[in-house]
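Residues per chain, in single letters:
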Amino acid sequence: MKVFLVGVGGGIGWSILKALDSLGVETVTLSRTKKLPELGHNTHISSDIINVNFWKRILDQHIEDITHVVYCSGVISPQKSFLKLSDKELRRSFEVNFFGLLEVARNTIPYMRNGHNSKFIYLGTGAAIRGYKGWSAYCTSKAASHMFIECASLDHGDIGVKFIDINPGSVDTDMQLKIREAKVNRVSKKMISEHNSPEFVAEFIYKILFLENNSIKDLYISINNEEMVRKYFNG
């Protein structure tokens, strides 16, 4: 097993990386973080997700034996009415939340064909299927990614790669700090105790990674759904 993990600067991505490294799983990571704490089984690529030509050249050195992809990268800002969004702000949201995912898929899926029980996991959000005040950029860009995973599964579900959109629910990360500070909608009023921990989400995702593809019947998995959590934790 070798995992390409995108978005490891903190929160969920970093927790997944630590969990996989502790299990001896080899990883290649991509994030804007200049340098990660030293880990025993990781190769890190420091780059913005939109600099495709740069990170693809480095990834190409590792691509042939990558078996799984986990895409955690995402931006919540800007949190304001669509009438107040600048073109630059809107494009940035789509570049990270949608086009980054698209480019990662285009540059990895061809090498994962008929692979080793391979999975392409996208860390989604309930905001992809439900609108929130002040989150027009976030919701629409995430909705595009949500639909992309469904379409990718229909287009290429027969090549040995399992596409999965996992909604981690609200998670106690730096993103939640930005949400609480912005106070644009009801999500900002959630108590810290109401959020899932990054470690719990990481544990759930690496459980999914180790399952046989034919045992995963769902394209969309919500960690807030207790029945789904029980099913896959017991799987």
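Look up a bit, the structure's there.
Residues numbered from 1 in each chain as written. Predicted model: local features only at pLDDT ≥ 70, side-chain atom pairs only at ≥ 80, totals over all residues. Heavy atoms only, no water.

(A) Local environment of the sheet that holds strand β3 (residues 42-46). With parallel pairing, the seven strands of this open sheet are ordered in space as β3-β2-β1-β4-β5-β6-β7. Each end of this open sheet is capped by a strand with a single partner; those strands are β3 and β7 (220-222). Strand-to-strand twist of the sheet, defined as the mean angle between neighbouring strand axes without regard to direction, takes the value 15°. When strand β1 (residues 2-6) meets strand β4 (residues 68-71), the two strands line up parallel, connected through four bridges. Considered in β4, the bridge of Leu5 is made with Val70. Relative to the sheet, helix α3 (residues 87-112) contacts β1, β4, β5 (118-123) and β6 (161-167), its axis offset from that of β5 by approximately 175°. (Pairing = 2+ DSSP bridges. Helix = DSSP H or I, 4+ residues; strand = E, 2+ residues; numbered from the N terminus. Axes fitted to C-alpha atoms, helices over the stretch in contact; angles between N-to-C directions. Contact = heavy atoms within 4.5 Å.)

(B) Examining helix α6 (residues 198-210) more closely. In this model α6 runs 19 Å from its N-terminal to its C-terminal C-alpha over 13 residues, within 8% of the 18 Å that 1.5 Å per residue would give. When α6 is considered as a whole, its buried residues turn out to be Pro198, Val201, Ala202, Phe204, Ile205, Ile208 and Leu209. The arc that holds the buried residues of α6, viewed along the axis, is 160°, so those residues lie on one side. (Expected span 1.5 Å × (residues − 1). Buried < 20%, exposed > 50% of the residue type's maximum accessible area, 1.4 Å probe, protein only. Arc of directions from axis to C-beta.)

(C) Seen up close, the nonpolar core. Formed by 30 residues in total, the largest nonpolar core has its most connected members in Phe4, Val104 and Phe120. Of all the secondary-structure elements, those providing two or more residues to this core are β1, β2 (26-31), α2 (52-59), β4, α3, β5, α4 (136-156) and β6. The leading source of residues in this core is α3, at eight residues. In this view, Phe120 contacts Val69, Leu101, Val104, Ala105, Thr108, Ile109, Ile149, Val161, Lys162, Phe163 and Ile164; residues no more than four positions away in its chain are not counted. (Core = buried A, V, L, I, M, F, W, Y, C linked by side-chain atoms within 4.5 Å.)

(D) Seen up close, a nonpolar patch on the surface. On the surface, Met1, Leu23 and Phe210 cluster together to form a nonpolar patch covering roughly 290 Å² of accessible area. Take Met1: it is sitting in the segment before β1. (Patch = residues over 30% accessible without salt bridge, like charges linked within 9 Å, V, L, I, M, F, W, Y side chains within 5 Å. Areas by Shrake-Rupley, 256 points an atom, 1.4 Å probe, with all protein chains shown as cover. Salt bridge = Lys/Arg side-chain N within 4 Å of Asp/Glu carboxyl O.)

(E) Layout of the pattern of salt bridges. All told, the structure shown has eight salt bridges when counted by the stated rule. The salt bridge involving Asp60 is made with Lys56; its shortest N-O contact spans 3.2 Å. In this structure, Lys80 engages Glu89 in a salt bridge whose closest nitrogen and oxygen atoms are separated by 2.9 Å. Accessibility expressed as a relative area gives 26% for Lys80, which makes it partly exposed. Residue classification places Glu89 among the partly exposed residues on the basis of a relative accessible area of 24%. Beyond isolated ion pairs, a larger network of salt bridges with shared partners links Lys2, Glu26 and Asp65.

(F) How the structure looks around the environment of Val52. With respect to the secondary-structure elements, Val52 resides in helix α2. For Val52 and Glu103, which are 51 residues apart along the polypeptide, the C-alpha to C-alpha distance reads 7.3 Å. Residues within four places of Val52 in sequence aside, it is in contact with Glu103 and Asn107.

(G) Spotlight on the packing of α3 against α4. Two numbers describe how α3 lies on α4: the axes approach to 8 Å, and their chain directions differ by 15°. In this view, α3 runs roughly parallel relative to α4, as classed from their interaxial angle. α3 and α4 meet at a crossing whose hand is right-handed. Here Leu90, Ser93, Phe94, Asn97, Phe98, Leu101, Leu102 and Ala105 of α3 lie close against α4, whose contacting residues are Ala137, Tyr138, Thr140, Ser141, Lys142, Ala144, Ser145, Phe148 and Ile149. When the residues that make up the contact of α3 with α4 are grouped by side-chain class, the tally is eleven nonpolar, five polar and one charged. (Parallel < 35°, antiparallel > 145°, perpendicular 65-115°, else oblique. Left-handed = near helix turned anticlockwise from the far one by under 90°. Nonpolar A, V, L, I, M, F, W, Y, C, P; charged D, E, K, R; others polar.)

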